[in-house]
Amino acid sequence: MTIKTISTNRSHGGVQGVYRHASRETGTEMTFSVYLPPEAEQGSKLPVVWYLSGLTCTHANVTEKGEFRRTCAELGLIFVAPDTSPRGEDVAGDPAGAYDFGIGAGFYVDATQDPFARNYRMWSYITDELPAVVAANFPADLGRQSIFGHSMGGHGALTVALRHPARYRAATAFAPIVAPSQVPWGIKALGGYLGDDKRRWRIHDAVALIEDGARFRDFLVDYGDADPFLTEQLRPELLAQACSTAGIPLTLRRQPGYDHSYYFISTFMDDHLRWHAARLKGG
């Protein structure tokens, strides 16, 4: 549970920190960021919001461009941003050097295929190891936690929530990959990490999980209608259909003129954090 502090900065009365630790799951050092709102200095445990980033990102993208600290300071939320994959000289990447597989593209699964099985255990890292590290080192109330993310991270957030509905009080997403088994990014990643048996992919596919009986209290999903990945990779209509059939309340918002970037994410970050805070109230 030992962590190394990389940096801390005062922000909106709280503290933005970046930390590193040796991960038993990935077999590498992992870096993550934590924002502690001003209330953390009073010693009370506070609710935790987990943010999972998208392809090519590290913890730094949302930390530097997400514009979440003012709202987290106001609402008393701890904001945790992990990395998206293991990193290091000995960590396998995409042999072709593509951005959508390997380093920076862990897809929040535990790989079973060589050479990725040794290090790519992002599911267990996100759902088991890192929460324990955060609870041991920060005033985090894991009885009040929620999760959201962007693109590949939106995929991760939805699947984590659907598989652990009692653990997370809220789940939202920006431009998520809702049905990775049906789109090129997901087919490449799930096949490469988990093998050719598509039955194994279903537990890492939000639409498939819902079709197979998984449920969550409600979802908020935003996407931009100028997103270049919307038609081929994101397919929000598939989530809408699955939620409608299953009776899961879904607030699906089409944002005119917005793309896939952090200009889009930062614009609606406040909305998402307030959605989370409303569901994280109480003991």
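Keep in mind it's a predicted model, so treat the numbers as computed, not measured.

Brief notes about the overall build of the protein
Alright, step 1. A tally of regular secondary structure across the protein gives nine helices and nine strands.
Alright, step 2. Computed over its C-alpha atoms, the radius of gyration of the protein comes to 18 Å, within 12% of the 19 Å expected for a compact globule of 283 residues.
Alright, step 3. In terms of overall dimensions, the protein has C-alpha extents of about 50 × 45 × 35 Å along its principal axes.
Alright, step 4. Split into buried and exposed, the 283 residues of the protein put 60% on the buried side.
Alright, step 5. Here the contacts in the protein between residues at least 6 apart in sequence split such that 73% fall between residues at least 24 apart.
Alright, step 6. Across the protein, the centroid of the 28 positively charged side chains sits 5 Å from that of the 31 negatively charged ones.

A few points about the nonpolar core
Most often, soluble globular proteins have nonpolar side chains that are buried together.
Alright, step 1. By size, the foremost hydrophobic cluster in this structure holds 90 residues, and its most contacted members are Phe32, Phe79, Tyr193 and Met269.
Alright, step 2. Per-element tally for this core: the top contributor is helix 9 (residues 262-280), with eight residues.
Alright, step 3. Not counting the four nearest positions on each side in its chain, phenylalanine 79 is found in contact with Ser33, Val34, Tyr35, Val49, Tyr51, Val62, Phe68, Cys72, Phe148, Met269 and Leu273.

Points about the pattern of salt bridges
Alright, step 1. Enumeration according to the criterion identifies 20 salt bridges in this entry.
Alright, step 2. Of the charged contacts, one joins aspartate 128 and arginine 24 as a salt bridge, the two residues approaching to 3.2 Å between their closest N and O atoms. Of the two residues, aspartate 128 is situated in helix 3 (residues 122-137) and arginine 24 in the loop between strand 2 (14-22) and strand 3 (29-36); the sequence distance between them amounts to 104 residues.
Alright, step 3. Residue classification places arginine 24 among the exposed positions, given a relative accessible area of 54%.
Alright, step 4. In this structure, the salt-bridge partner of aspartate 212 is arginine 202, at a minimum N-O distance of 2.8 Å. Here aspartate 212, found in the loop between helix 6 (206-211) and strand 8 (219-224), pairs with arginine 202, found in the loop between helix 5 (184-194) and helix 6; they are 10 residues apart in sequence, far enough to count as distant.
Alright, step 5. Connected via shared salt-bridge partners are Arg24, Glu25, Asp110, Arg121 and Asp128.

Digging into the environment of leucine 158
Alright, step 1. Take leucine 158: it is sitting in helix 4 (residues 152-163).
Alright, step 2. Look at leucine 158 and you get buried, because its relative accessible area is 1%.
Alright, step 3. For leucine 158 and threonine 172, which are 14 residues apart along the polypeptide, the C-alpha to C-alpha distance reads 7.3 Å.
Alright, step 4. Sequence-distant contacts of leucine 158, that is, excluding residues within four places in its chain, are made with Ala173, Pro176, Val178, Ala206, Phe219 and Leu239.

Some thoughts on the pairing of strand 8
Alright, step 1. Most of strand 8 is tucked away: six of the six residues are buried.
Alright, step 2. Residues Phe219, Val221 and Tyr223 line one face of strand 8 and the alternating positions Leu220, Asp222 and Gly224 line the opposite face, and both faces are buried.
Alright, step 3. Pairing analysis gives three bridges linking strand 7 (residues 168-174) to strand 8, with the strands arranged parallel. In the sheet register, phenylalanine 174 faces strand 8, and the bridge partner there is aspartate 222.
Alright, step 4. One ladder, built from six bridges, connects strand 8 with strand 9 (residues 250-255); its direction is parallel.

Things to note about the sheet that holds strand 8
In sheet architecture, strand pairing relies on hydrogen bonds along the backbone and comes in two forms, parallel and antiparallel.
Alright, step 1. Overall, mixed pairing links the nine strands, which are arranged 1-2-3-5-4-6-7-8-9 in an open sheet. Of all strands in the sheet, those bounded by a partner on one side alone are strand 1 (4-11) and strand 9. Adjacent strand axes in the sheet meet at a mean angle of 20 degrees, parallel and antiparallel pairs treated alike.
Alright, step 2. In this fold helix 4 packs onto strand 4 (46-52), strand 6 (140-150), strand 7 and strand 8, with an angle of close to 140 degrees to the strand it touches most, strand 6.

Remarks on unusual backbone geometry
Alright, step 1. Cis geometry is adopted by the peptide bond preceding proline 115, which originates at aspartate 114 and carries an omega value of 0 degrees.
Alright, step 2. For proline 115, the location among the structural elements is in the loop between strand 5 (78-81) and helix 3.
Alright, step 3. For glutamate 67, which is not a glycine, the phi torsion comes out positive at approximately 55 degrees.
Alright, step 4. With respect to the helices, strands and loops of the structure, glutamate 67 is situated in the loop between helix 1 (59-65) and helix 2 (69-75).
Alright, step 5. Its relative accessible area of 59% is what places glutamate 67 among the exposed residues.
Alright, step 6. Its identity as a non-glycine residue notwithstanding, phenylalanine 107 has a phi of 60 degrees, on the positive side.
Alright, step 7. Along the chain, phenylalanine 107 turns up in the loop between strand 5 and helix 3.

Remarks on the packing of aromatic side chains
Alright, step 1. Summed over all chains, the structure comprises 19 aromatic pairs.
Alright, step 2. A centroid spacing of 5.5 Å and a plane angle of 80 degrees characterise the contact between phenylalanine 116 and tyrosine 120, whose relative ring orientation is edge-to-face. Of the two residues, phenylalanine 116 and tyrosine 120, neither departs from the other in class, the shared state being buried.
Alright, step 3. Taking 4.7 Å as the distance between ring centres and 45 degrees as the angle between the ring planes, the aromatic pair formed by tryptophan 185 and phenylalanine 229 counts as tilted. Taken together, the positions of tryptophan 185 in helix 5 and phenylalanine 229 in the loop between strand 8 and helix 7 (230-234) put the pair 44 residues apart, joining distant regions of the chain.

Procedures and definitions
Each residue is numbered by its place in its chain's sequence as written, counting from 1. Since the coordinates come from a predicted model, pLDDT governs what is reported: local features require at least 70, and pairs of side-chain atoms require 80 or more to be given and counted, while whole-chain, interface and lining totals use all residues. To get the side-chain values, take all heavy atoms of the structure and skip hydrogens and water. Strands here are runs of E lasting at least two residues and helices are runs of H or I lasting at least four, both read from the DSSP assignment and numbered beginning at the N terminus. The atom set for the radius of gyration is the C-alpha atoms, and the globule formula is 2.2 Å times the number of residues raised to the power 0.38. Each residue is assigned to one of three classes by its accessible area relative to the maximum for its type, calculated with a 1.4 Å probe on protein chains only: buried under 20%, partly exposed between the two thresholds, exposed over 50%. Whether two residues are in contact is decided by their heavy atoms, any of which lying within 4.5 Å being enough. Residues counted as positive are Lys and Arg, residues counted as negative are Asp and Glu, and His and the chain ends are not counted. Working definition for charges: the position is that of NZ of Lys, CZ of Arg, CG of Asp or CD of Glu. We define a nonpolar core as any set of buried Ala, Val, Leu, Ile, Met, Phe, Trp, Tyr and Cys residues linked to one another through side-chain atoms lying within 4.5 Å. In what follows, salt bridge is the name for a side-chain nitrogen of Lys or Arg lying within 4 Å of a carboxyl oxygen of Asp or Glu. At least two bridges found by DSSP between two strands is the condition for calling them paired. Axes here mean lines fitted to C-alpha atoms, for a helix over just the part in contact, with angles spanning 0 to 180 degrees between N-to-C directions. Ring pairs are drawn from Phe, Tyr and Trp, using the six-membered ring of Trp, whenever the two centres fall within 6.5 Å, and their geometry is named by plane angle: stacked under 30 degrees, edge-to-face over 60, tilted for the rest.

In short, shape yes, function no, at least from these values alone.
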